[in-house]
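# Reading the structure
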Amino acid sequence: MDKKYYVALICAVLVCLIVPVLKLFDGEHLKLKEEFTQTRYNFQKVYGAIQPIPTIIEINKEWVSLGKAVFHSPLLSKDNTVSCASCHLIDYGGDDGFPVSTGIKNRKGSRNSPTVLNAVFNFKQFWDGRANTLEEQMLGPIHNPIEMGTTWPEIITKLKNDAYFASQFSELFKDGITQQNITQVIATFEESLITPGSAIDRFILGDSNALTIQQQRGLHLFKSYGCTTCHQGINIGGNIFQKFGRLQHVPLGLKTDPGRYAITNDPNDNHVFKVPSLRNVAETAPYFHNGEIATLDEAVKIMARSQLGRELTSTEIEDIVALLYSFSGPRVEVD
């Protein structure tokens, strides 16, 4: 038996071992979020590695509305030129479509902007997983001199001087505009940015016609070749860390970022990243942590080679890419 057989066998075993644990972890993770934010979801469990995106049962619509306004406000940046929405276009995949994002004074970052859609279902935030919650994640761009380059006292002062924000925060919170209240309403808005009802979700929930024949072939490959070892759960990713280039080398341009090693200084974390969600992946090009890869075809080829030790045929790549398009769903509109 050749190396490919053993790799596939190991991946299948890992799925059996990892997925039940992740389901338990995801449940606790989301339960904590619900207790803090009061947003509640209707989770549906199905047999298999991929789980459907839940629907919203209850969410504070007033916080969503105010959070949306703050999310789109450039007052959150030092020179009033950059908002959260500058890097996260919620109607266009939840990212900005560039290899790396641009902050204040046209400064360029070093990593690709991850989608904000369905981010609530990630177990960590950022490519290196340095933030545990959506609220904690906001501290990064706020203080980063390349992104927004400001401070909370500056933000609070500017929002208090804005008639709309001053009145809305006073109406919703006894203590008005505070760091906690700002992050809470933005987080609640982000919790509303979910995309249930994709073709893959309809398929795993029982609609056998939701996927095309080609997409079903892609799903078979996705499972049998071991892609679901890392890309599973509600977000089809986003719930574990993994070393990039696990089995084979990747293009040199993708190896310059040390990943979690920059946070932990643990040699075992060199080139380790949070596995990205594949939800709406067809809308979030370019790909990988530095946005170096322009197409899904090339991204699939690299991942198969580096993570699974496989050289895919052109037909296999086409089938898997067709499947990836089924991971996109309509964004929920909270009135």
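Quick notes on the rules
- Residues numbered from 1 in each chain as written.
- Predicted model: local features only at pLDDT ≥ 70, side-chain atom pairs only at ≥ 80, totals over all residues.
- Heavy atoms only, no water.
- Axes fitted to C-alpha atoms, helices over the stretch in contact; angles between N-to-C directions.
- Helix = DSSP H or I, 4+ residues; strand = E, 2+ residues; numbered from the N terminus.
- Parallel < 35°, antiparallel > 145°, perpendicular 65-115°, else oblique.
- Left-handed = near helix turned anticlockwise from the far one by under 90°.
- Contact = heavy atoms within 4.5 Å.
- Nonpolar A, V, L, I, M, F, W, Y, C, P; charged D, E, K, R; others polar.
- Expected span 1.5 Å × (residues − 1).
- Buried < 20%, exposed > 50% of the residue type's maximum accessible area, 1.4 Å probe, protein only.
- Core = buried A, V, L, I, M, F, W, Y, C linked by side-chain atoms within 4.5 Å.
- Arc of directions from axis to C-beta.
- pLDDT = per-residue confidence, 0-100.
- Phe/Tyr/Trp six-rings, centres within 6.5 Å; stacked < 30°, edge-to-face > 60°.
- Lys NZ or Arg CZ within 6 Å of the ring centre and 35° of its normal.
- Polar contact = N/O pair within 3.5 Å; in protein donor to acceptor, adjacent residues only side chain to side chain.
- Lys, Arg positive; Asp, Glu negative; His and termini not counted.
- Salt bridge = Lys/Arg side-chain N within 4 Å of Asp/Glu carboxyl O.

### Remarks on the packing of helix α12 (residues 296-308) against helix α13 (residues 314-325)
Where α12 meets α13, the axes come as close as 10 Å, and the angle between the chain directions of the two elements is 115 degrees. Considered as vectors, α12 and α13 are oriented roughly perpendicular to each other. Relative to α13, α12 is oriented so that their crossing is right-handed. On α13, the residues touching L296, D297, V300 and K301 of α12 are I317, I320, V321, L324 and Y325. Residue composition of the contact of α12 with α13, grouped by class: seven nonpolar, no polar and two charged.

### Overview of α13
End to end, α13 covers 17 Å across 12 residues, agreeing with the expected 16 Å (1.5 Å per residue, within 8%). For α13, every residue scored as buried is listed here: E316, I317, D319, I320, V321, A322, L323 and L324. Buried residues belonging to α13 abut α9 (199-204), α10 (213-224) and α12.

### A short note on the nonpolar core
Core analysis: the biggest nonpolar cluster contains 40 residues, and V70, F71, L76, F169, I182, V185 and I186 have the highest contact counts within it. Breaking this core down by element, the ones donating at least two residues are α2 (61-71), α3 (84-87), α6 (152-160), α7 (163-172) and α8 (179-191). In contact with L76, other than residues within four places in its own chain, are V70, C84, I142, M148, T150, I155 and I186. If you look at the next biggest cluster of nonpolar residues, it comprises 33 residues, including A199, V250, Y287 and I320.

### Comments concerning α10
The terminal C-alpha atoms of α10, which comprises 12 residues, lie 17 Å apart, in line with the 16 Å expected from a rise of 1.5 Å per residue. Buried within α10 we find Q215, G218, L219, L221 and F222. Buried residues of α10, viewed axially, fall in a sector of 165 degrees; they line one side. Projecting away from the buried face of α10 at angles above 90 degrees are the exposed residues I213, H220 and K223.

### Side note on the environment of F189
By secondary structure assignment, the location of F189 is in helix α8. Judged by relative accessible area, which is 3%, F189 ranks as buried. Among residues more than four places away in sequence, those in contact with F189 are V64, G67, K68, F71, H72 and I90.

### Description of the confidence of the model for the protein
Looking at the protein, the pLDDT average stands at 90 and 89% of residues meet or exceed 70. Predicted confidence for residues 3-35 stays below pLDDT 50, and this span has 48 contacts to residues more than four positions away or in other chains.

### A few points about the packing of aromatic side chains
Inspection of the entire model under this criterion finds 11 aromatic pairs. Between W63 and F173 the ring centres are 5.4 Å apart and the planes differ by 25 degrees, which places this aromatic pair in the stacked class. On the criterion of sequence distance, the pair formed by W63 in helix α2 and F173 in the loop between α7 and α8 is long-range, its members being 110 residues apart. Taken as a pair, W63 and F173 share a single burial class, namely buried. The structure contains a cluster of three or more aromatic residues connected by ring pairs, namely Y41, F43 and F121. A cation sits over an aromatic face here: R310 above Y225, 3.7 Å from the ring centre.

### What about the environment of N270?
Inspection of the secondary structure puts N270 in the loop between α11 (261-264) and β4 (272-274). For the pair N270 and F244, spaced 26 residues apart in sequence, the C-alpha to C-alpha distance is 8.9 Å. Setting aside anything within four residues of it in sequence, one finds N270 in contact with K243, P258 and Y261.

### Overview of the side chain of R279
Along the chain, the position of R279 falls in the loop between β4 and α12. With relative accessibility at 1%, the residue R279 sits in the buried group. Among the polar contacts made by the side chain of R279, one reaches the side chain of S198 at a distance of 3.3 Å. A polar side-chain atom of R279 sits 2.8 Å from the main-chain carbonyl oxygen of I234. In this view, R279 contacts Q51, P52, I53, N118, S198, I200, D201, I234, N235, I236 and F327; residues no more than four positions away in its chain are not counted.

### Describing unusual backbone geometry
Most of the time, phi is negative for any residue but glycine, and the peptide bond is trans. Omega for the peptide link from A285 to P286 comes to 0 degrees, which places this bond in the cis form. Here P286 shows up in the loop between β4 and α12. For K105, which is not a glycine, the phi torsion comes out positive at approximately 55 degrees. Within the secondary structure, K105 sits in the loop between α3 and α4 (134-137).

### A word on the side chain of R260
Inspection of the secondary structure puts R260 in the loop between β3 (241-243) and α11. No salt bridge is formed by the buried R260; the nearest opposite charge belongs to D269, separated by 4.3 Å. Discounting chain neighbours no more than four positions away, the residues touching R260 are D128, G129, F241, N265, D269 and V272.

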